[in-house]
Every structure is written in structure tokens, then in C-alpha cells.
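Here is what each chain is made of, one letter per residue.
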Amino acid sequence: MDDFVRDKLTEWGFSELIKTFKDEGIDKESLYCLVDQDINKLISKMGPRARFRKRLELLKEEEHTNEQIQSFPAETLPSTSETGKRKMDPQGESSKGQPAEKRRRENASYTELRILSDVKNIMADVLAKLGNQGNTKVNKFLKTKIRNLETDKRELVGVFGKTGAGKTSLINAVIEEKGLLPSGSVSACTSVMIKVEANSRNKKYEAEIEFIKKEEWEDELENREKFLKDDADQERDDDDDDDDDDDDNDEYHDLVEKLSALYGEDWKQKSTEQLMDHRYFREIPEFLQSIWKTLTCESAAELSAKMIKYTRNDTKQEGDEDVKRWFWPLVKCVTVRVPHNDFLQHVTLVDLPGNGDRNKSRDEMWKGIVGNCSTMWIVTEINRAAAEKESWEILKSASSLLGNGGECQHIHFICTKSDVIEDLNDLADVLKSIFKRNMEAKESVRKEFNKLTTVKKHFSDDCFQVFTVSSKEFIKKNYLNPEDTEIPKLQEFLQNLNDCHSETSNYLSGAHGILSLIQGAKSRDMDKRNEDVCVDLKRNLSHQIESIRNVMTTNYSAFERCLQEGVEKSQNQCDRILKNVLSSKRSGCFYYNQLKKVVENGGIWKPKKGKEINLNMKLISPLTDSIDEEFRKTFPNDGKCGPFNGAINKFSLDAEWLQQKHSDLKLQMIFLKSAEEQMKTKLTKEIRNRKKIIYRSLTKTVEEIMQECYDKAAGFSGRGSLQNMRKTIERHVHESKNTMFENAKNDMLGLHQSLTADILETLENTMKESIELSLNIDDHSIPDVSTELRKVQKLQDEFLKSS
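Residues numbered from 1 in each chain as written. Predicted model: local features only at pLDDT ≥ 70, side-chain atom pairs only at ≥ 80, totals over all residues. Heavy atoms only, no water.

## Comments concerning the side chain of Asn202
Working step 1: Positionally, Asn202 belongs in the loop between strand E2 (193-199) and strand E3 (205-211).
Working step 2: Judged by relative accessible area, which is 18%, Asn202 ranks as buried.
Working step 3: In terms of polar contacts, Asn202 uses its side chain to reach the backbone amide nitrogen of Lys204, at 2.9 Å.
Working step 4: Here Glu206 takes part through its side chain, which lies 3.0 Å from a polar atom of the side chain of Asn202. (Helix = DSSP H or I, 4+ residues; strand = E, 2+ residues; numbered from the N terminus. Buried < 20%, exposed > 50% of the residue type's maximum accessible area, 1.4 Å probe, protein only. Polar contact = N/O pair within 3.5 Å; in protein donor to acceptor, adjacent residues only side chain to side chain.)

Encoded structure:
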């Protein structure tokens, strides 16, 4: 055994394995050669074995990255402009034939990874030193601070669009992975969500497949007989009204498509128990075990071919043998991981169904992902961009989930296939026609967006952008320059998202602050001046907290006023809203079936085509309309001002001023400034997550109160059922309206109060602890970290120059 292996085991928290590894003669070279069978023999318990395997994979990846960095000649290192933006290679192409911009991104990425690896190793050494100093209060504090440096905020970009709009081709082009997601002749299966992100674990192309629960599929199988009987009854009773049964026919065809994909013709004659037989799931035993299935491949094309049966449905793929069994009906989500992709460092692209899903677990996942998206890409063909109803319906239906109920900052309307021009042969005429149509499309889409007053309640005007792209021309370059395809603009946007959430930048800043604190305490004696500075800082802290409390109190009063107005409007308008929902000009049989589905699904029904019916949201809409504007001002998504009118962002202990006043406490003040920034980041994240819960609480309260009448209405059958369902809902709303909307208001205000109390308590306790420990550390309990501090400062300077 050598020092390298000993140090790694200590760093990874496996000190107890040092003797075992020593006895087996494992040195650095043999460590890299360990395979699963070897690891199983060395580590008996599953938990530690899994953690060790993950650490070893990361170490191998880091080694591979460092080798590539070393292979770069010095002249390829990126330069920077005065604004800190990375410059293109002036020579235009690298020596290896790669585009200069791509080569630049790779250089910058490898440099950043090396710096991050170096600083993590330094802090691991410091953590080990602290472990040798005893388990004092100060050491516990410092070790917690070091461990909390490990954060990785990922930006979610949701990609919406109807089948054939070019979503998969767009994603493949933007991340420069031709053929990663299957497209073209293979028909899309809109129920499966596909996440695309970076593979930071190894160099493989991977897909992790998450299935719906086995019990959910059993429920679908058990309900098929009832559904098919209802459908047959409807066809007999309503033969002369073909237009009115579209929704039921769609649901019927959806069910048949799912069953046929998985079972072929077997499903028609067999029971649920027979259809759950293991022989149908031999290829996917993971489904029956309720675990994820992982596909691992060497190339994007290989992974794409393996993924098709889990994401798409086409029994006639040209050039391939027919797939006998398709598993997409059982799939909830597929996470695709791509190695060495700079656009996905801190970004995940999610190919999403447009309007959720009828399956409950898939729909809950859809809502969760949409609510966490910082960007929305709406993809549609350019020749019908402004007139495409489905695209605008997606935006309207998801606006509250993305806006006040989410964290969306950017809406990008992406018009695809901008290169498709008919009946023109002259290149100049083709280019002129493309550019003219692009400008017209952008103008018409912007005009259409400006009409959406309800959507604009949730978003500022500058969040909306229109792009006209050609994925095909970006790859083939027949007659358009890459810049004219506008794919590079989307790539630049993703790169900026990555730069805003640099794990390296955050880790360096936090590490520098912690080392400054340790060395500052080590290099000077405690005296009365420390006490004086401590008093000043605590006084500043109290003043700042009181200032934030005043802002929050004022905000609470504004919320209360808006919500009270909303309660009164809801009580006055609920009868009219209910009448509009429960009255229909369409046929009785159709409307009975539709209302039956609404009450059976908690007041919500998602037809395959057309708008979602959500009785709960309609009832609460006057209340949400009343609070929307104040809510957006209080919890903005754009990040410019910050929550509570910028009160959190403005928080400051004036550590920089005290640093000038007490130059001998410079290092302690650097730590406090770093701790302050980390605290604000942590609080902003907490506020962002909890504001979603606060906003959605209005609808949640109504859902809970209305559930009683939905259950009762769902129980009616036979003659007069439609009238009984209507009367049950009307009676319940009439009896509950004086308390239901008041309860919704009080629930939101209660969550608001809870959030503000938690913010003030966390801010006070955390910063007070940082102040006290930073100025009252006994230097005998901490190690000397002067060397580590110099190394981190040097790495920080290098990072700033290369970024």
C-alpha cells in the first residue's frame, strides 16, 4: 500500500479499510484496476460498497480529465475579454479540425474541472486535519461548513411541443449529439418524459428508466373491462352523435394502443392476473421489482437504438427487425446521461408532454418538473407558429405552474424547420425568403404573446424571446451559416445558465472563506477588540433582521388585503362559475361521461385533445387573480430584485467596512462575508421552494374541501345520474362557499407567516453562530492552514482569469 491509497481512503471516509487494503497489497495502480468482483470481496456491506464504487468512478473520471488537460498545448488555453466573457479562437479552427468555439469550451471546461478537483482535495486535507484536533464545538462548526460546500444547483429547461414539431432534432442539435434522441420515422410517445443531462460519473452514454408502479398498471388492467363496456354502451346509445364522443374514443384508443404495444393481441382474451405473468416482463424484471433499469452504451447511436422501445411506439422501423414488445406504457421517465458535454454541466433538458398525463404518478412528476423549470422552450413549426393553437394552450395551461407556482424566468418560443422553402432554386432567393419569413414569424408570435393577459400576470415582458431555427442546416450546412440557424444562440443561452451556476466558483468562494477564518484565528491572539467587534456585528445583525421583519410585516398586510378582496369575489362569482362548468350544450350521454370523469378524478379531467377541465382551479380563480400581482412582486422569478422586495439581498453585516476599521481581522471578515453570501443563497433557495407551496395552497384547500362531494357524485349510476351529480356539486359549493374561500385565504397567510418566521430565525441563529465562533476561536484547537490558504487563493485567481 502507498500513501496515495491511504490518503484516498481517509478522504473518502473509509479509514477502517486501510488495514484490509494494506493486507491485499493495493497500491495506486491496482486501485484503478479494481472491478466489481474485487470490491465485493474487499467491502462486505452493501452501503459502504456502493459509496466506495461511486468515489472510485469519480476518481477515474478525474484522472481521465487531467490526462486530457495535460494533452492540450499551451497555446490552446482560452483568453478572456474585459467583461469576463470567453473569446473565440481567432484562428477559427483547432489543429484537430474541431470548431474553435467547441475547442474553447472544452479547454475552459477541463480547466474548471481541474481547479474544482484541486480545491476539493485541499479541503479534504483540511477536513482530515480537523479530525485530528478533537471534537470541539469549533471543529464541528468548521467540518459542517466544509461538508456544506458540496452543492450542485441544476437548471431545468422544459421542452414542450406537439409530435412532429422537431423537439428531438432540436435537442440533438443544441447539445451536438447527432442521433441521441430518436426522431424521424419513429412516432413519438407523448406520455414519457425524457431528461437529458451530463454524465459526470463515467465516459459512457447511459439511460436510467423509471417505471410506473406495478400496482398502477394492475389498476389500468382491472379497469379495462369496465371502460370497454362503458365505451360499447356509449356507442349503442349515441351512434348518431359521432362528434361528441371524441374524448371517449381517444381514451379508448389510448388504452388499446398501450395494451397492444405491450401484449400484442393477447390482452383481449386474458385476465389481469394472466397479463401480470412474469413472461411478459422478462426483459424488464426491474419493473416487477420496482427499481430503475440502466442502459449503458459506448455511443449515442447505440443508446438511441436501445431506448426506442421504452420511449417510442412504431412496429415498422425501416431497416430494423420489428420490435415484438414495446415498454413505453410502463415508463414514467427516462434520464439520458451524456459524457463530456459542456452545455449540460449544470443544465438538464426535459422533453415533456404538453399537458400532463392521465396517469397520476406521471402527472405528479410532470407538475413537479414543470414547477422546477427555470426556462420553457415551446417548439412549433415555423409555417404555423403564431396560429398553432396547441402551443399557446400549453403556455396558458402551464402559466401559473411555471410563474407564481414555479420558478420560470425565460419563455422561448422556438420556430423550427426555418430552412424549408418550396419552389425556389436560386440560392440568393432561398436565403432572402428564409430571412423574410423568419422576421415575419417573430413579429407575429410576439403579437400573439402580447394578447395573453392572463399569462403576462406571471411573467415580465423581457422574459419572452422568439427563435427561428433549423436543426438540419446547423448540421449539414447546405446554404445557411450556423449563426443563421440560431442554434448557436440557444447554445450560448445554455452556456450562460452553466456559468451562472458554477459549482467551481461557489466552492472556491466558500473554501476561501473557511480557510481565512481558520488562519485568521491562528495568526492572532484574542483580546478585548474581538469583543468590541463582536458587539458591533451583533448590533448590525439585529438592525438588519428588524429591517427585514418590517418589510415582511408590510408584505403580509398587502397579502391579507388582496386575499380578502379575492374571498369576496369568489363568494360572489362561484355560482356563475359553477353554472358555466356544469351546463353544456353537448349531448347528454357525452356530458355525463365527461362529468363522471371529472368527479372520479378529484375535479380534474385531461382530455387528449383540447383544454383540461379543472373545476377546483375555476372556483378559486377569482382568489388567485386577486393575489397574482402582489405575489409576483413578493416572490419574483427573475432574480434581479430578490424576494420580499430585495430585503434578503440587501442584508449585510458591513464586514467590508469593519475590515477597513480592523485590518488585523481581515481574514475573519472575509469569512463572514462568505458566510453571509452563502446564507443568502441558501435562504433564496428555501424561499423559492416554499413559495410554490404557498401559491398552490389556494387550489389545494379547495381540492380538499370539494373531495367529499366528488366522492358522493362519483357513486351515482343509472337513470338521473347526471342530474344527481350536478345537484350534489351545486349543493356542496353553496353550503361551503362562506368557509371554503376563507379557509384558503387563511391557509396561504399561515404558510406566509411560517416562512417569514423560519427565515428570521435561520438568519439570526446562523449568522450569530458565525460571528461568535469567528471571533472567539481558541487557536490551540485548530490546525495551521496557511499553505492551503495560499493554494486556494492561487486557484481562485486562475479561475477568475480563465472564466
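From this point on, the discussion continues.
## Comments concerning the environment of Arg561
Working step 1: Positionally, Arg561 belongs in helix H21 (residues 528-582).
Working step 2: For Arg561, a relative accessible area of 49% translates into the label partly exposed.
Working step 3: A C-alpha to C-alpha distance of 9.1 Å links Arg561 and Ile627, two positions 66 residues apart in sequence.

## Things to note about the confidence of the model for the protein
Working step 1: Taken as a whole, the protein shows an average pLDDT of 83; of its residues, 84% reach a score of 70 or greater.
Working step 2: In the predicted structure, residues 232-244 sits below a pLDDT of 50 and forms 13 contacts with residues beyond four places in sequence or in another chain. (pLDDT = per-residue confidence, 0-100. Contact = heavy atoms within 4.5 Å.)

## A few points about the nonpolar core
For soluble globular proteins, the rule of thumb is that nonpolar side chains tend to be buried together.
Working step 1: Leu142, Leu537, Leu619, Met669, Met706 and Ile729 are the most contacted members of the largest nonpolar core, which totals 97 residues.
Working step 2: Counting residues in hydrophobic clusters, the runner-up holds 64 residues, among them Ile194, Tyr263, Val379 and Leu490. (Core = buried A, V, L, I, M, F, W, Y, C linked by side-chain atoms within 4.5 Å.)

## Details of the sheet that holds E2
The strands making up a sheet are joined through hydrogen bonds of the backbone, oriented either antiparallel or parallel.
Working step 1: With respect to topology, 9 strands assemble into an open sheet ordered E4-E3-E5-E2-E6-E1-E7-E8-E9, the strand pairing being mixed. Looking at the sheet topology across the chains shown, the edges are occupied by strand E4 (293-297) and strand E9 (464-468). Direction aside, neighbouring strands of the sheet carry axes that sit 20 degrees apart on average.
Working step 2: Alignment of strand E8 (residues 410-416) against E9, held across 5 bridges, turns out to be parallel. Looking at the pairing, Ile414 lines up with Phe467 of E9.
Working step 3: Of the strands in this sheet, strand E1 (155-160), strand E6 (347-351), strand E7 (373-381), E8 and E9 are in contact with helix H19 (residues 487-500), which crosses E7 at around 170 degrees. (Pairing = 2+ DSSP bridges. Axes fitted to C-alpha atoms, helices over the stretch in contact; angles between N-to-C directions.)

## Examining the packing of helix H14 (residues 360-372) against helix H15 (residues 389-402)
Each pair of packed helices can be summarised by the angle the axes make with each other and by the distance between the axes.
Working step 1: Two numbers describe how H14 lies on H15: the axes approach to 8 Å, and their chain directions differ by 70 degrees. Regarding the angle of H14 to H15, the classification is roughly perpendicular. Contact residues: H14 offers Trp366, Lys367, Val370 and Gly371, while H15 offers Ala398, Leu401 and Leu402.
Working step 2: Tallied by class, the residues present in the contact of H14 with H15 amount to 5 nonpolar, 1 polar and 1 charged. (Parallel < 35°, antiparallel > 145°, perpendicular 65-115°, else oblique. Nonpolar A, V, L, I, M, F, W, Y, C, P; charged D, E, K, R; others polar.)

## A short note on the pairing of E2
Taken residue by residue, a regular strand's side chains alternate between the two faces of the sheet.
Working step 1: With respect to burial, E2 is a largely interior element, 6 of its 7 residues being buried.
Working step 2: By the bridge criterion, 7 bridges tie E2 to strand E5 (residues 331-339) in an arrangement that is parallel. Bridge pairing in E5 places Lys195 opposite Thr335.
Working step 3: Pairing of E2 with E6, which is carried by 3 bridges, proceeds in the antiparallel orientation.

## Side note on the packing of helix H23 (residues 615-634) against helix H26 (residues 666-714)
Working step 1: Two elements in contact, H23 and H26, have axes whose closest approach is 10 Å; the angle formed by their N-to-C orientations is 160 degrees. Judged by the angle between their axes, H23 and H26 are roughly antiparallel. As for the relative orientation of H23 and H26, their crossing is right-handed in sense. Here Leu615, Asn616, Met617, Leu619, Ile620, Leu623, Thr624, Ile627, Asp628 and Phe631 of H23 lie close against H26, whose contacting residues are Lys691, Ile694, Tyr695, Leu698, Thr699, Val702, Glu703, Met706 and Tyr710.
Working step 2: Per-class residue counts for the contact of H23 with H26 are 13 nonpolar, 3 polar and 3 charged. (Left-handed = near helix turned anticlockwise from the far one by under 90°.)

## Topic: the packing of aromatic side chains
Working step 1: Following the criterion strictly, the structure yields 18 aromatic pairs and no others.
Working step 2: When the ring of Phe631 is compared with that of Phe635, the centres are 5.0 Å apart and the planes differ by 55 degrees; the resulting orientation is tilted.
Working step 3: Taking the relative accessible area as the measure of exposure, Phe631 reaches 0% and is therefore buried.
Working step 4: Ring geometry for Phe635 and Phe644: centres 5.3 Å apart, planes at 75 degrees, overall edge-to-face. Comparing Phe635 with Phe644 shows no difference in burial state: the two are buried.
Working step 5: Here the aromatic residues Phe559, Phe631, Phe635, Phe644 and Tyr695 are joined through ring pairs into a cluster of three or more. (Phe/Tyr/Trp six-rings, centres within 6.5 Å; stacked < 30°, edge-to-face > 60°.)

## Some words on the pattern of salt bridges
Working step 1: Scanning all chains against the criterion turns up 38 salt bridges.
Working step 2: Ionic pairing is found between Lys293 and Glu286, a salt bridge with its closest N-O pair at 3.4 Å. Each member of the pair, Lys293 as well as Glu286, carries the same accessibility label: buried.
Working step 3: A salt bridge links Lys768 to Glu764; its shortest N-O distance comes to 3.6 Å. Placement of both Lys768 and Glu764 in helix H27 (residues 721-775) is noted, with a separation of 4 residues, approximately one turn of the helix.
Working step 4: Within this structure, Glu197, Arg201, Glu206, Glu208 and Arg337 form a network of salt bridges that share partners. (Salt bridge = Lys/Arg side-chain N within 4 Å of Asp/Glu carboxyl O.)

## Points about H15
Working step 1: With 14 residues, H15 extends 19 Å from end C-alpha to end C-alpha; this agrees with the ideal 20 Å at 1.5 Å per step.
Working step 2: Bending of H15 peaks at approximately 25 degrees at the position of Lys396.
Working step 3: Considered for burial, the residues of H15 that qualify are Ser391, Trp392, Ile394, Leu395, Ala398, Ser399, Ser400, Leu401 and Leu402. (Expected span 1.5 Å × (residues − 1). Bend = angle between axes of the 7 residues up to and from the residue.)

## Overview of unusual backbone geometry
Phi is mostly negative for residues that are not glycine, and the peptide bonds are mostly trans.
Working step 1: Its identity as a non-glycine residue notwithstanding, Lys477 has a phi of 55 degrees, on the positive side.
Working step 2: Here Lys477 is to be found in the loop between helix H18 (471-476) and H19.
Working step 3: Unusually for a residue other than glycine, Asn645 sits at a positive phi of about 55 degrees.
Working step 4: Tracing the chain through its elements places Asn645 in helix H24 (residues 643-650).
Working step 5: Residue Asn645 is classed as partly exposed on the basis of its relative accessible area, which comes to 45%.

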